[in-house]
Amino acid sequence: MTNNKRDGFGSRFGALVALAGAAIGLGNLWRFPYLVGNNGGGAFIIIYLAFVILLLLPVMYAEFVIGRRSQSNVLGAIKKLAPKSVFISIGILSIAVTLTILSFYSVVGGWTIEYIVQSFSSDLFKQDNGALGATFSNFISAPVRPAVMHLVFLGLTALIVAGGIKDGIEKYTKFLTPMLFVIIVILLVRSITLPGAEEGLRFLFYPDFSKLKASSFLDALGQGFFSLSLGMGCIITYASYVNKRENIRKMSLTTVVADTLFAVLAGIAIMPAVFAFGVSPTSGPSLVFITLPQIFAQLPFGQMFSLLFFIVLFVAAITSSISMLEIVVAYICEEFKLSRKAAVLYSSLFVAITGLLCSLSEGAFSNFRLFDKNIFDLFDYASNNIMLPLGGLLVVLFVGWKLKRKDVLDEMTSGGTIPMNRAIFGSVMIILKFIAPLAISIVMLNGIGLIKIF
Ligand code: PHE
């Protein structure tokens, strides 16, 4: 396959919605609001923003440079830019972590479909709090239904990716990503107009520096990586489809702003409602599948809000899972010279099976444990705490030390056509060479318990 025949985004808007759609995902909806509230509200937001702007934006530049310069899949990119170097591991690791995350992400995607279906039946809303918890745990531990939903979710992802970049990913994310913002704003308005909403806003925004823990810094960095889809080749892959004339610094910034804005909007859509009904805030699956349905059950027109919420969750999940599948598909197509359809088929068959294992690990296989975790939790832990930071570390080392400085500048300025302030470029290089590798290493080693700094 030659480069002139290579598919790509048809427009700047198309690229932006795809990138924002990849970044906005479950992480924004079920983790960010809770992390903020529990780590001193506004105080955590300040730390998060500082990390995002000073550290993660440069990491995103680095991934953009690799992807757009090489116009290749993750492995092909490194092969092109630094043949036979140890950095080939970036490509291998990216594929591995993507398959790992996609496996459990697709299972959760299936759960969102189930709850969209459930939102149509009024039974869900007749249950009291305890029953809602039981409904959720009975559902995810059942052998067949969650597995079928996982396959439906993965099937939809595969259909979109099979269409290609312009006629698949871009075509769908063009309306799905804007839809996310529209629905979250509707939910937000409902939430902040509830009596007692101030308490939730206070939980989110009041800067309580005394609640900042040492671990808050780790949480902020880890959340930033995951939320911005960094460290796993996602941005590298999408950037490879971006037109050579585009300003990649602006595109990175827009992606970061869209993702962070959405996370804050999600917080305002969720937490005031949680506090208005006097339930205690939670995070992860129990927030969205147990706590929020409790609220919908008591809210006038709750069924409609429930439906809107689970649609947001589903759309956020699918625009992210599309980007993950594309990483693998681009790799298989280009490295094994297979057609896109065949690549989609093989990669989704693989994830169908690994996802089934994750799904069953919540029920039938729950006794199978490694390091005291079931398969689902193990995949989640290994990807977040080890593979993503490691991928991020390799990426910054690669761009900071292995690529030629003038090539990095050339790519960041789109071949010299979009000037970049020298001091800013110099700072970005210092961050990529020294600060980011150090910060990421500390977070990672501390996270897996090898060193105890915090
Ligand atoms: N950023 C997504 C989220 O916040 C997750 C994701 C990670 C998507 C990596 C693609 C690649 O949920």
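One can find the structure itself at the top, above this paragraph.
First, a word on scope: everything that follows refers to the structure included in this document. (Residues numbered from 1 in each chain as written. Predicted model: local features only at pLDDT ≥ 70, side-chain atom pairs only at ≥ 80, totals over all residues. Heavy atoms only, no water.)

Side note on the overall build of the protein chain
- When its secondary structure is counted, the protein chain shows 18 helices and 0 strands.
- Over its C-alpha trace the protein chain gives a radius of gyration of 21 Å, about what one expects of a compact globule, namely 22 Å for 454 residues.
- Along the first, second and third principal axes, the C-alpha set of the protein chain runs to 60 × 50 × 45 Å.
- Of the contacts made within the protein chain by residues no fewer than 6 positions apart, 82% connect residues no fewer than 24 positions apart.
- A total of about 17,800 Å² of accessible surface is found on the protein chain, and carbon and sulfur atoms cover 68% of it.
- Taken together, the 34 basic and 23 acidic charged side chains of the protein chain have centroids lying 10 Å from each other. (Helix = DSSP H or I, 4+ residues; strand = E, 2+ residues; numbered from the N terminus. Rg over C-alpha atoms; globule rule 2.2 N^0.38 Å. Contact = heavy atoms within 4.5 Å. Areas by Shrake-Rupley, 256 points an atom, 1.4 Å probe, with all protein chains shown as cover. Lys, Arg positive; Asp, Glu negative; His and termini not counted. Charge placed at Lys NZ, Arg CZ, Asp CG, Glu CD.)

Observations regarding the nonpolar core
- Counting residues in each nonpolar core, the largest one holds 161 residues, and the members touching the most others are Phe289 and Phe309.
- The leading source of residues in this core is helix α14 (residues 302-336), at 22 residues.
- When sequence neighbours within four positions are dropped, the list of residues in contact with Phe309 reads Leu29, Leu187, Ile270, Val288, Leu292 and Phe296. (Core = buried A, V, L, I, M, F, W, Y, C linked by side-chain atoms within 4.5 Å. Buried < 20%, exposed > 50% of the residue type's maximum accessible area, 1.4 Å probe, protein only.)

Some points on the site of the ligand
- Around the ligand, the surrounding shell holds 14 residues, and the nearest of these are Ala23, Gly27, Tyr105, Phe226 and Met232.
- In this structure, Tyr105 approaches the ligand through a side-chain N or O atom, which is 2.7 Å from an oxygen atom.
- Side-chain polar atom of Ser229 to a nitrogen atom of the ligand: 3.1 Å apart, as the coordinates give it.
- Alone, the ligand offers 320 Å² of accessible surface; in the complex the protein occludes 100% of this.
- Of all the secondary-structure elements, those providing two or more residues to the shell around the ligand are α1 (12-23), α2 (26-38), α10 (214-227) and α14. (Near = heavy atom within 4 Å. Polar contact = N/O pair within 3.5 Å; in protein donor to acceptor, adjacent residues only side chain to side chain.)

Thoughts on the pattern of salt bridges
- A complete count under the given rule lists 13 salt bridges for this structure.
- The partner of Glu246 in a salt bridge is Arg12, with the nearest N and O atoms 2.7 Å apart. Residue Glu246 is found in the loop between α11 (234-239) and α12 (248-276), and its partner Arg12 is found in helix α1; the two are separated by 234 residues along the sequence.
- The partner of Arg69 in a salt bridge is Asp407, with the nearest N and O atoms 3.6 Å apart. Separated by 338 residues along the polypeptide, Arg69 in helix α3 (residues 42-70) and Asp407 in helix α17 (residues 405-412) bring together distant segments of the chain.
- With a relative accessible area of 26%, Arg69 lands in the partly exposed category. (Salt bridge = Lys/Arg side-chain N within 4 Å of Asp/Glu carboxyl O.)

Comments concerning the state of the cysteines
- Applying the stated criterion across every chain yields a total of 0 disulfides.
- You can see Cys234 has no disulfide; the closest cysteine sulfur is in Cys333, sitting 17 Å from it.
- With a relative accessible area of 2%, Cys234 lands in the buried category.
- Accessibility expressed as a relative area gives 7% for Cys333, which makes it buried. (Disulfide = S-S within 2.5 Å.)

Looking at helix α7 (residues 145-162)
- Under the 1.5 Å per step criterion, the end-to-end length of α7 is 25 Å for 18 residues, consistent within 8% with the ideal 26 Å.
- Listed as buried for α7 are Pro146, Ala147, Met149, His150, Phe153, Leu154, Thr157, Ala158, Ile160 and Val161.
- Looking at the packing, one finds that the buried side of α7 touches α5 (88-120), α6 (129-141), α8 (165-192), α14 and α15 (340-360).
- Gly164 sits one or two positions beyond α7 and adopts a positive phi of about 100 degrees. (Expected span 1.5 Å × (residues − 1).)

Notes on a nonpolar patch on the surface
- There is a patch of nonpolar side chains on the surface, built from Val144, Val148, Val152, Leu156 and Leu159 and spanning about 430 Å² of accessible area.
- Looking at where Val148 falls in the secondary structure, it is placed in helix α7. (Patch = residues over 30% accessible without salt bridge, like charges linked within 9 Å, V, L, I, M, F, W, Y side chains within 5 Å.)

Looking at α5
- Look at α5: 48 Å from first C-alpha to last across 33 residues, which is about the 48 Å you get at 1.5 Å a residue.
- Of all 33 residues in α5, 27 are buried, a share of seventy percent or more.

Here we look at unusual backbone geometry
- The backbone of Lys84 sits at a positive phi, close to 55 degrees, despite the residue not being glycine.
- The topology assignment puts Lys84 in the loop between α4 (74-81) and α5.
- You will see that Phe301, though not glycine, has its phi angle at about 60 degrees, which is positive.

Concerning the environment of Arg405
- The topology assignment puts Arg405 in helix α17.
- Once the C-alpha coordinates of Arg405 and Val351 are considered, the two residues, 54 residues apart in sequence, prove to be 38 Å apart.
- Excluding residues that lie within four positions of it along the chain, Arg405 makes contacts with Phe425, Gly426 and Met429.

As for the side chain of Thr157
- Tracing the chain through its elements places Thr157 in helix α7.
- Using a relative accessible area of 1% as the deciding quantity, one classes Thr157 as buried.
- Excluding residues within four positions of it along the chain, Thr157 makes contact with Ile318, Ser321, Ile322 and Leu325.

Details of the packing of aromatic side chains
- Here the structure, examined in full by the defined rule, presents 22 aromatic pairs.
- Ring centres 5.7 Å apart and planes at 90 degrees place the aromatic pair Phe9 and Tyr238 in the edge-to-face group. With Phe9 in the segment before α1 and Tyr238 in helix α11, the pair connects residues that are 229 residues apart, well separated along the chain.
- Taking relative accessible area as the criterion, Phe9 reaches 11% and is therefore assigned buried.
- Relative to Phe309, the ring of Phe296 has its centre 5.9 Å away and its plane inclined at 45 degrees; by these criteria the two rings are tilted. Here the residue Phe296 occupies a position in helix α13 (residues 284-298), and Phe309 occupies one in helix α14, the gap between them amounting to 13 residues. Here Phe296 and Phe309 have matching classes, each one buried.
- Taken together, Trp111, Tyr115, Phe136, Phe139, Phe289, Phe296, Phe309 and Phe310 form an aromatic cluster joined through their ring pairs.
- If you follow Arg202 out to its NZ or CZ, it ends over the ring of Tyr206, 4.5 Å from the centre.
- In this structure, Lys433 packs its charged tip against the face of Trp401, placed 4.2 Å from the ring centre. (Phe/Tyr/Trp six-rings, centres within 6.5 Å; stacked < 30°, edge-to-face > 60°. Lys NZ or Arg CZ within 6 Å of the ring centre and 35° of its normal.)

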